[in-house]
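Structure assessment
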Amino acid sequence: MSTISIESVTKRFPNGFEALKGISTEIAAGSFTVILGPSGAGKSTLLRLLNGLEIPSGGSIRIAGEALDKGNLRKLRSSVAMVFQQFNLVDRLSVVTNVLTGRLAHRSWVGSVFYLFRTEDMDIAQQALARVGLTDKAWSRADKLSGGQQQRVGIARALAQRPKVILADEPVASLDPVSSEEIMGLLREIRDRDGITVVVNLHQVDLAKRFADRIIGMNSGRVVFDGPPAELSPQALRTIYQREGMEHDNHLDLALAYA
Ligand SMILES: Nc1ncnc2c1ncn2[C@@H]1O[C@H](COP(=O)(O)OP(=O)(O)OP(=O)(O)O)[C@@H](O)[C@H]1O
């Protein structure tokens, strides 16, 4: 069974630029997929479409069997959680309040507007904080935490949403290597233990190879590689990172160096 079904999806922005040129793929329930690709390949656009933050120009997306369209956006959004590169926390709020915002998708708009949470929500938030090892930081201001800890809060917020899918858009791009490792390990552990489908956009080929069970390579709005990490050969990396008209490409050199 697949959690996410993407069929002939295109995305053209109002300025006429076509960021996705026909993506078709299935993402299996409980899988850990990493999307690799050079800057501008369309990775973030694809994730934003899966989360309903952008609407496709063509094609269709189904999440857990239900078509993602304007009619059921709110319902489907509650089952898809997002983890961001810059964490997207409210700095002046406590860690636990930030985690509680993950419950908003399950509350009425009145509850959402007034930040009305139930005791049950607080229990769920505290459990999520325990999962990411931050129980002792619950009442600290979010901006007093290190980058790695802030990303843990971002993951706890995603967990508190009780999602079927976690989408992470370059979740380690702002972190040092040790924290990056920990965050990827945490996402992997969540997939292993909770069976949540995880899709991560990354620039680090080495992390992709170690943590993913499937790698999708994108270039210029198209899928140009799709396979397990073992098949990510130097040739496959060339296909993913090659840029038109560039004889010597630093981006490609870097990708190959870390492969
Ligand atoms: N709102 C927009 N209007 C016009 N073009 C856009 C818009 N959003 C993104 N793009 C363009 O679409 C292309 C794909 O962008 P996207 O952010 O999805 O790439 P990416 O693979 O995630 O890159 P990066 O790794 O740098 O984050 C880029 O050329 C970008 O400039």
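In this text, all values refer to a predicted model and were calculated from it rather than measured experimentally.

So, how was this worked out
- Residue indices follow the written sequence of each chain, beginning from 1 at its first position.
- Whole-chain, interface and lining totals are the exception, using all residues; otherwise, since this is a predicted model, local features are given only for residues with pLDDT of at least 70 and side-chain atom pairs are given and counted only at 80 or more.
- Put simply, DSSP H or I for four residues or longer makes a helix, DSSP E for two residues or longer makes a strand, and each gets a number counted from the N terminus.
- Each residue is classed by its C-beta neighbour count within 10 Å, where at least 20 other C-beta atoms makes it buried, 12 or fewer makes it exposed, and intermediate counts make it partly exposed; the C-beta atoms are placed from backbone geometry.
- This entry defines residue contacts through backbone-placed C-beta atoms, with two residues in contact when those atoms are within 7 Å.
- A pair of strands is treated as paired once DSSP finds two or more bridges between them.
- Here an axis means a line fitted to C-alpha atoms, over the contact stretch when the element is a helix, while the angle between two N-to-C directions is reported on a 0 to 180 degree scale.
- Roughly parallel here means an angle under 35 degrees, roughly antiparallel means over 145, roughly perpendicular means 65 to 115, and every remaining angle is called oblique.
- For any helix crossing, the convention is left-handed if the near helix is rotated counterclockwise from the far helix by under a right angle, and right-handed if that rotation is clockwise.
- Gly is put with the polar residues, along with every residue not named as nonpolar or charged; the nonpolar set is Ala, Val, Leu, Ile, Met, Phe, Trp, Tyr, Cys and Pro, and the charged set is Asp, Glu, Lys and Arg.
- Nearness is defined per residue: the C-beta atom, placed using the backbone, must lie within 6 Å of the molecule or strand.
- Marked domain ranges trace back to an automatic or database domain assignment.
- Helices are assigned an expected span. That span is 1.5 Å times one less than the residue count.
- This arc describes the spread of directions from the helix axis toward the C-beta atoms.

Take the overall build of the protein chain next. Across its full length, the protein chain carries 10 helices and 10 strands. Looking at the protein chain as a whole, 39% of its 259 residues qualify as buried. A sequence separation of at least 24 residues applies to 67% of the contacts in the protein chain between residues at least 6 apart.

Sheets are built from strands that pair by backbone hydrogen bonding, the pairs being arranged parallel or antiparallel. Strand order in this open sheet of 6 strands is S6-S7-S8-S3-S9-S10, and the pairing throughout is mixed. Each edge of the open sheet carries a strand with a single partner, namely strand S6 (80-83) and strand S10 (222-227). Between one strand axis and the next, the sheet turns through 20° on average, direction left out of account. Examined bridge by bridge, strand S3 (residues 32-36) and strand S9 (residues 214-219) share 4 bridges and lie parallel to one another. Within the sheet, the bridge partner assigned to Ile35 lies in S9 and is Ile216. In the packing of helix H6 (residues 147-160) onto the sheet, the strands contacted are S6 and strand S7 (165-169), and the crossing angle to S6 comes to about 175°. Running at roughly 160° to S10, helix H9 (residues 234-241) makes contact with S3, S9 and S10 of the sheet.

Moving on: the packing of helix H5 (residues 119-131) against H6. At their nearest, the axes of H5 and H6 sit 8 Å apart, and the two run at 135° to each other. Taken together, the axis directions place H5 and H6 in an arrangement best described as oblique. Once H5 is placed against H6, the crossing between them reads as right-handed. Across the interface between the two elements, Ile124, Ala125, Ala128, Leu129 and Arg131 from H5 touch Ala156, Leu159 and Ala160 from H6. Per-class residue counts for the contact of H5 with H6 are 7 nonpolar, no polar and 1 charged.

Neighbouring the ligand are Phe13, Asn15, Phe17, Ala19, Gly37, Ser39, Gly40, Ala41, Gly42, Lys43, Ser44 and Thr45. At 3 residues, helix H1 (residues 43-50) tops the list of elements feeding residues into the shell around the ligand. The residue inventory of the shell around the ligand, partitioned by class, reads 4 nonpolar, 7 polar and 1 charged.

All right, on to the packing of H6 against helix H7 (residues 177-194) then. Two elements in contact, H6 and H7, have axes separated by 10 Å at closest approach and are oriented at 15°. Between H6 and H7, the crossing angle belongs to the class labelled roughly parallel. Regarding H6 and H7, the two cross each other, and that crossing is right-handed. Judged by residue contacts, Gly147, Gly148, Gln151, Arg152, Ile155 and Leu159 of H6 engage Ser179, Glu182, Ile183, Leu186 and Ile190 from H7. Among the residues forming the contact of H6 with H7, the class breakdown is 5 nonpolar, 4 polar and 2 charged.

What follows deals with unusual backbone geometry. In this structure, Ser8 takes a positive phi of about 50° despite not being glycine. Mapping Ser8 onto the fold places it in strand S1 (residues 2-12). Classification of Ser8 by C-beta neighbours within 10 Å gives exposed; the count is 11. Its identity as a non-glycine residue notwithstanding, Ala64 has a phi of 45°, on the positive side. Mapped onto the fold, Ala64 is located in the loop between strand S4 (58-63) and strand S5 (66-67). Take Ala64: there are 16 C-beta atoms within 10 Å of it, and that puts it in the partly exposed class.

Moving on, we come to the domain arrangement of the protein chain. Annotation of the protein chain at the domain level lists domain 1 (2-79 + 164-257) and domain 2 (90-162). In this complex, domain 1 contributes 11 residues to the contact, which on the side of domain 2 involves 11 residues. The dominant element in the side of domain 1 that touches domain 2, judged by the number of residues it contributes, is H7, at 5 residues. Looking at the side of domain 1 that touches domain 2 residue by residue, the class counts come to 6 nonpolar, 3 polar and 2 charged.

Attention now moves to H5. For H5, with 13 residues, the first-to-last C-alpha span of 19 Å sits near the 18 Å given by 1.5 Å per residue. Those residues of H5 that fall on the buried side of the exposure criterion are Ile124, Ala125, Ala128 and Leu129. The arc enclosing the buried residues of H5, seen along the axis, measures out at 140°, which places them on a common side. Turned more than 90 degrees away from the buried face of H5 sit Thr119, Glu120, Asp123 and Ala130, all of them exposed. Buried residues belonging to H5 abut helix H3 (95-100) and H6. Just downstream of H5, Gly133 is the residue with a positive phi angle, here 75°.

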